[in-house]
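# Per-entry structural report
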Amino acid sequence: RDNSGNKINPMQQYMNEKPHSERALDTTLFACQQGKLTSRLEAIMNRIELLGFKLSPYMRMKAMNLFEMSGRPEDVLDHFEKIRSKKIKIPKEAFALAIRACRPLDLGKKAFLLVQDAHSRKLILSQTDYAAAISTCAKQPNGWKDALSLVKTMRLKKIPMTKQAYGSGIFACRSGKQCKLAIDLLIEMKQKGFIPNTAVYSKAILACADAGNSSEALALVAEMKREGIPRTEASYNAAIHACATGGEWGAAIRLLDIMKGDGIPPNLVSYNSAITACANGGAWKQSLQLLEGVRRQGMQPDAFTYSAAITALDRSKRWREALVLMEMMKKDNVPPTQVTYCAAIHACAGGGLLPKASRFLNEMVEAGIEPNLHTYSAIIHVCTIAASQEGSKKRGKNDLTSPWRQALRYLRELENKGLIPDRVILNAVMAACAAAGRWQEALRLLKRMSIPGAIVEPDVVSYNT
């Protein structure tokens, strides 16, 4: 207060006077930073710039620190870009702040480019900075390459990796299906004295599973037991998923039993993966037993459960049971998915049930599900089987319901949707035409495939047909 008892603001008085020393300005900003006075700091910085003073990189870094503490990563990056635009020497601490700010904003590519920029300026970032960038990149759907590139850089530059860097690197391996690298990082992590937790093991197991290496995934599960790492629902589900990719249905079912023995009740994800393992391994009976097991556990099968079971039956040519499951699914009020419809349509081929397959396709469209190339491939396959079953008695039949005509119609329909038929589809359409004695149509398709520069060229099957 002044002599009259009125409140005064020494800082405001100082701001209204000239000249100002850079040290005094710096100290003022430091006071705001220490007191976490974000709005006051912004006002003072604006005032400084209006008075014609240039904010040094170190002044802006104080603002960046305060914005980081206040949970304002956008402002951290904004001030960093203002520093970078001046084309002056940037402190490595500013890069560290900017890299950390990318994480809450999910800016994986920006974090990666910031590290690259720091490299080009001959700045040596810390292991923590690398770990933050790797973690941010690994979180992005397509950021695994950048994450693993940073891991490689750390190893080449012999920068000690942190536990977080190892964990994020293994997480990135899952997205990139890099089984070998995931295992190498896991081994290296333990050699450096870090103890991988359940989450890290689960990501390594999933990396091997997605790479189709179920044996390595199952070996990691056994290693968890030896090392005394707690196995959770997530780690078991990762291992069963590995069995699913390899079609190892026996191992998947054993893991369900081990889960129960460990006091961890399998959830619907566990059963769905086990049923998928049965589908990929041709064990249709076991898939139905697992479906029944889902009900016994008091769980409601979802679209994935039914889709996996129907696929198992379709692949084992149990088309009647597959169509029964499709009806059961509707009674349970579980909306079929694109995968479900595709499997059900393909199952119709077993009985040459073209009208039923066509109804499934119409239902699919009415439900707002867009048919894809797999769907059209399935229904054209049904057309081929139906045309073969009609035999010589109906050869030359020319009505619109003829299987060969429907095969051609579905071919036109998929092309009108911008889809490109593959060789399997074109050969199937030719086979449907051939079965009906429509050699002219079959020959036209063959000529189309034989045109120089055609996207799909004929093979031996094409010529034989």
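Look up a bit, the structure's there.
Everything numeric in this text was worked out from a predicted model, so none of it was measured. (Residues numbered from 1 in each chain as written. Predicted model: local features only at pLDDT ≥ 70, side-chain atom pairs only at ≥ 80, totals over all residues. Heavy atoms only, no water.)

Along its length, the protein chain carries 26 helices and 0 strands. A total of 465 residues make up the protein chain; the buried ones form 47% of that total. The contacts in the protein chain between residues at least 6 apart in sequence include a share of 63% that link residues at least 24 apart. Approximately 23,500 Å² of the protein chain is accessible, and the part contributed by carbon and sulfur atoms is 53%. (Helix = DSSP H or I, 4+ residues; strand = E, 2+ residues; numbered from the N terminus. Buried < 20%, exposed > 50% of the residue type's maximum accessible area, 1.4 Å probe, protein only. Contact = heavy atoms within 4.5 Å. Areas by Shrake-Rupley, 256 points an atom, 1.4 Å probe, with all protein chains shown as cover.)

Now for the packing of helix 19 (residues 319–331) against helix 21 (residues 354–366). Packing of helix 19 against helix 21 leaves a shortest axis separation of 13 Å and a crossing angle of 30°. Comparing their axes, helix 21 and helix 19 come out roughly parallel. Seen from above, helix 19 lies across helix 21 with left-handed handedness. Between helix 19 and helix 21, the residues in contact are Leu-323, Met-326, Glu-327 and Lys-330 and Lys-356, Phe-360 and Glu-363, respectively. Looking at the contact of helix 19 with helix 21 residue by residue, the classes come out as 3 nonpolar, no polar and 4 charged. (Axes fitted to C-alpha atoms, helices over the stretch in contact; angles between N-to-C directions. Parallel < 35°, antiparallel > 145°, perpendicular 65-115°, else oblique. Left-handed = near helix turned anticlockwise from the far one by under 90°. Nonpolar A, V, L, I, M, F, W, Y, C, P; charged D, E, K, R; others polar.)

Another aspect to go through is helix 20 (residues 338–347). Here helix 20 lies mainly inside the structure; 7 of its 10 residues are buried. Lining the buried residues of helix 20 we find helix 18 (303–315), helix 19, helix 21 and helix 22 (373–390).

Before going further, it helps to spend a moment on the packing of aromatic side chains. Across all of its chains, the model carries 2 aromatic pairs by this definition. When the ring of Tyr-166 is compared with that of Phe-194, the centres are 6.0 Å apart and the planes differ by 55°; the resulting orientation is tilted. Of this pair, Tyr-166 sits in helix 10 (residues 163–176) while Phe-194 sits in the loop between helix 11 (179–191) and helix 12 (198–210), placing them 28 residues apart in sequence. Tyr-166 gets classed as buried once you look at its relative accessible area, which sits at 1%. Between Arg-409 and the ring centre of Tyr-410, over which it is positioned, the NZ or CZ distance is 4.6 Å. (Phe/Tyr/Trp six-rings, centres within 6.5 Å; stacked < 30°, edge-to-face > 60°. Lys NZ or Arg CZ within 6 Å of the ring centre and 35° of its normal.)

For the rest of this paragraph, the subject is the packing of helix 12 against helix 14 (residues 233–246). Helix 14 packs onto helix 12 with a crossing angle of 10° between their chain directions and a minimal axis gap of 8 Å. Relative to helix 14, the element helix 12 lies roughly parallel. Residues Thr-198, Ser-202, Ile-205, Leu-206, Ala-209 and Asp-210 of helix 12 touch helix 14, and the partners they reach there are Ala-234, Ser-235, Ala-238, Ala-239, His-241, Ala-242 and Thr-245.

Time to look at the pattern of salt bridges. Across all of its chains, the model carries 23 salt bridges by this definition. Notably, a salt bridge pairs Arg-409 with Glu-413, separated by 3.8 Å at the nearest N-O pair. Taken as a pair, Arg-409 and Glu-413 lie in helix 23 (residues 403–416) at a separation of 4 residues, close to a single helical turn. Exposure remark for Arg-409: the relative accessible area of 35% places this residue in the partly exposed category. Given a relative accessible area of 24%, Glu-413 falls into the partly exposed group. Overlapping salt bridges bring together Glu-81, Arg-84, Lys-110, Asp-117 and Arg-121 as one network. (Salt bridge = Lys/Arg side-chain N within 4 Å of Asp/Glu carboxyl O.)

Turning our eyes to something else, we now look at the side chain of Gln-140. Along the chain, the position of Gln-140 falls in the loop between helix 8 (127–139) and helix 9 (144–156). By relative accessible area, Gln-140 is classed as buried at 17%. Among all residues touching Gln-140, those that are not within four sequence positions of it are Asp-106, Leu-107 and Gly-108.

Moving on, we come to unusual backbone geometry. Even without a glycine there, the phi angle at Asp-106 is positive, about 55°. Along the chain, Asp-106 turns up in the loop between helix 6 (92–102) and helix 7 (108–120). Positive phi outside glycine occurs at Lys-158, with the angle close to 55°. Here Lys-158 lies in the loop between helix 9 and helix 10. Judged by relative accessible area, which is 73%, Lys-158 ranks as exposed.

Turning our attention to helix 14. For helix 14, which comprises 14 residues, the first-to-last C-alpha distance of 20 Å matches the rise-based estimate of 20 Å (1.5 Å per residue) to within 8%. Looking at helix 14, one finds that the buried residues are Ser-235, Tyr-236, Asn-237, Ala-238, Ala-239, Ile-240, Ala-242, Cys-243 and Ala-244. Elements that come into contact with the buried residues of helix 14 comprise helix 12, helix 13 (214–227), helix 15 (249–261) and helix 16 (268–281). Once helix 14 finishes, Gly-247 follows within two positions and takes phi at roughly 65°, a positive value. (Expected span 1.5 Å × (residues − 1).)

Here we come to the environment of Arg-121. Following the sequence through the fold, Arg-121 ends up in the loop between helix 7 and helix 8. Overall, the relative accessible area of 33% leaves Arg-121 in the partly exposed class. On a C-alpha basis, the gap between Arg-121 and Lys-92 in space is 9.5 Å, while along the polypeptide they are 29 residues apart. Apart from residues no more than four positions distant in its own chain, Arg-121 is found in contact with Arg-84, Ile-88, Ile-90 and Phe-95.

This paragraph deals with the side chain of Ser-270. On the secondary structure map, Ser-270 appears in helix 16. For Ser-270, a relative accessible area of 0% gives the class buried. If we skip the residues at most four places from it in the chain, Ser-270 touches Asn-237, Ile-240, Leu-256 and Met-259.

Examined against the element boundaries, Leu-361 turns out to sit in helix 21. C-alpha separation for the pair Leu-361 and Ile-379, spaced 18 residues apart in sequence, amounts to 8.2 Å.

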